[in-house]
Amino acid sequence: MAKPKVAFYWCGSCGGCEEAVVDLAEKILDVVAAVDIVLWPVALDFKLKDIESYEPGEIAVTFINGSVRLSEHEEWVKMLREKSQLVIAFGSCSHLGGIPGLINMNTAQQVLENKYLKSVSVDNADGVIPMPTNSVDGYDLDLPAVWNSVRRLDEVIDVDYYLPGCAPPPDLILEAVGAILKGELPPKGSVLSPAKSLCESCPLNESKPEDLTIDEFKRVATSQPDPETCYLAQGFVCLGPSTRSGCGERCIRANMPCRGCFGPTPEAMDQGTKLISAIASSGTSDTSESAASVAEGFVDPVGTLYRFSLPSSILKRGLKNV
Ligand code: SF4
Ligand code: SF4
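The model shown is predicted, which means the values in this text are computed figures rather than measured ones. (Residues numbered from 1 in each chain as written. Chains lettered and ligands numbered in written order. Predicted model: local features only at pLDDT ≥ 70, side-chain atom pairs only at ≥ 80, totals over all residues. Heavy atoms only, no water.)

1. A few points about the site of ligand 1
Next, step 1: Looking at ligand 1, the residues that line it are Ser 13, Cys 14, Gly 16, Cys 17, Gly 91, Ser 92, Cys 93, Gly 165, Cys 166 and Ala 167.
Next, step 2: Classifying every residue of the shell around ligand 1 gives five nonpolar, five polar and no charged. (Near = heavy atom within 4 Å. Nonpolar A, V, L, I, M, F, W, Y, C, P; charged D, E, K, R; others polar.)

Structure (structure tokens):
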């Protein structure tokens, strides 16, 4: 019997999600034995025409990582959607917009100007900025167009499931592959990790007080957290209360507060506003001046609260004024 065809594709990706597949170590051999990999740009040399040759739905499942920013990304993911029975958004960038989504604080024009004209390391006296079409020595050259915003995968195509994380941990990947091969998947649209908050599985949960009191914000860059005590209770911003569990608490166990790569819990909807709400009710400041002084210690609120989810935020570009 023919093995199910599986594709891996990357859009605006750092390559970490591809590494996560390799992190399956020897277990990748079981996966390779059970499926027929038909696309994996980081590792295998398949061409566009190979995929174009497939019938609609001929690929059993396609895992797509990275955020969607270029016209080329859109063309590929639309084609893969047509050719695939299942599409899985793989990793934070595809699921939520991810770290590349922080660029949505700027327009595409601002980004291109900063990169090609204003950066101190740029020597570009003619002010050349990449264009989608150009003519050089009589030849027409095409580049992918850059959209104004980074988008999640499900803003561009229909997505069946989400594998969260930056990058998704090997155990979740194996569970997902096993569930697909056995036909034991949860309802369409599910995020393939537990529907509870990280605090519920956190080894420091017992030291998290019922009523939090935060009168000063601290940063791991300048202060050392106590590894035995809830980080939020110590004043380090930790997104555990508004973030989905399933990561194995890897950051917490490495003495690092949660940064939220698994995305919001089903109840939180928006990670940043949920945490702001929890923090806002935890201070003891009794004047607006002292509250403002505490808030000033919260460095980089957008990059902290929406490090992985700005394109999914209900505030989106309005956050520029936070
Ligand atoms: S989710 Fe993380 S590891 Fe995966 S492509 Fe995005 S930044 Fe890289
Ligand atoms: S706030 Fe962070 S450190 Fe505290 S219990 Fe939740 S996940 Fe753990």
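Read on, since the account is not over.
2. Here's the deal with the site of ligand 2
Next, step 1: Taken together, Cys 199, Cys 202, Asn 205, Lys 208, Cys 230, Tyr 231, Leu 232, Cys 238, Gly 240, Pro 241 and Ile 252 form the complete shell of residues around ligand 2.
Next, step 2: Each residue belonging to the shell around ligand 2 can be placed in one class, and the counts come to eight nonpolar, two polar and one charged.

3. Some words on the side chain of Arg 259
Next, step 1: Tracing the sequence through the fold places Arg 259 in the loop between α10 (250–253) and α11 (271–280).
Next, step 2: Despite its burial, Arg 259 pairs with no opposite charge; the closest candidate is Asp 300, at 8.7 Å N-O.
Next, step 3: A distance of 2.8 Å separates a polar atom in the side chain of Arg 259 from the backbone oxygen of Val 237.
Next, step 4: When sequence neighbours within four positions are dropped, the list of residues in contact with Arg 259 reads Val 237, Leu 239, Thr 304, Arg 307 and Phe 308. (Helix = DSSP H or I, 4+ residues; strand = E, 2+ residues; numbered from the N terminus. Buried < 20%, exposed > 50% of the residue type's maximum accessible area, 1.4 Å probe, protein only. Lys, Arg positive; Asp, Glu negative; His and termini not counted. Salt bridge = Lys/Arg side-chain N within 4 Å of Asp/Glu carboxyl O. Polar contact = N/O pair within 3.5 Å; in protein donor to acceptor, adjacent residues only side chain to side chain. Contact = heavy atoms within 4.5 Å.)

4. Points about the sheet that holds strand β3 (residues 59–65)
Next, step 1: With parallel pairing, the five strands of this open sheet are ordered in space as β2-β1-β3-β5-β9. Sheet topology places β2 (36–39) and β9 (161–163) at the edges, where each strand pairs with a single neighbour. Across the sheet, the axes of successive neighbouring strands diverge by a mean angle of 30°, strand direction being ignored.
Next, step 2: With five bridges joining them, strand β1 (residues 5–10) and β3 adopt parallel strand pairing. Within β3, the position partnered with Ala 7 by the bridge is Thr 62.
Next, step 3: Running at roughly 135° to strand β5 (residues 84–90), helix α4 (residues 71–83) makes contact with β1, β2, β3 and β5 of the sheet. (Pairing = 2+ DSSP bridges. Axes fitted to C-alpha atoms, helices over the stretch in contact; angles between N-to-C directions.)

5. Some thoughts on the domain arrangement of the protein
Next, step 1: Looking at the assigned domains, one finds that the protein contains domain 1 (5–99 + 151–182), domain 2 (108–142) and domain 3 (198–312).
Next, step 2: Using C-alpha coordinates to define each centre, domain 2 is positioned 40 Å away from domain 3. (Domains from an automatic or database assignment.)

6. Details of the packing of aromatic side chains
Next, step 1: The final tally for this structure, using the stated rule, is five aromatic pairs.
Next, step 2: An angle of 40° between the planes, with centres 5.3 Å apart, marks the rings of Phe 8 and Trp 40 as tilted. Taken together, the residues span a long stretch of sequence, with Phe 8 in strand β1 and Trp 40 in the loop between β2 and α3 (48–52) at a distance of 32 residues.
Next, step 3: A residue is classified by how much of its surface remains accessible, and Trp 40, at 7% relative accessible area, is buried.
Next, step 4: Look at Phe 8 and Phe 63: their rings are 5.3 Å apart centre to centre, the planes differ by 20°, and that puts the pair in the stacked class. Of this pair, Phe 8 sits in strand β1 while Phe 63 sits in strand β3; the two residues are 55 residues apart in sequence, bridging distant segments of the chain. With respect to class, Phe 8 is no different from Phe 63; both count as buried.
Next, step 5: Above the face of the Trp 147 ring, Arg 151 is positioned so that its terminal group lies 4.0 Å from the ring centre. (Phe/Tyr/Trp six-rings, centres within 6.5 Å; stacked < 30°, edge-to-face > 60°. Lys NZ or Arg CZ within 6 Å of the ring centre and 35° of its normal.)

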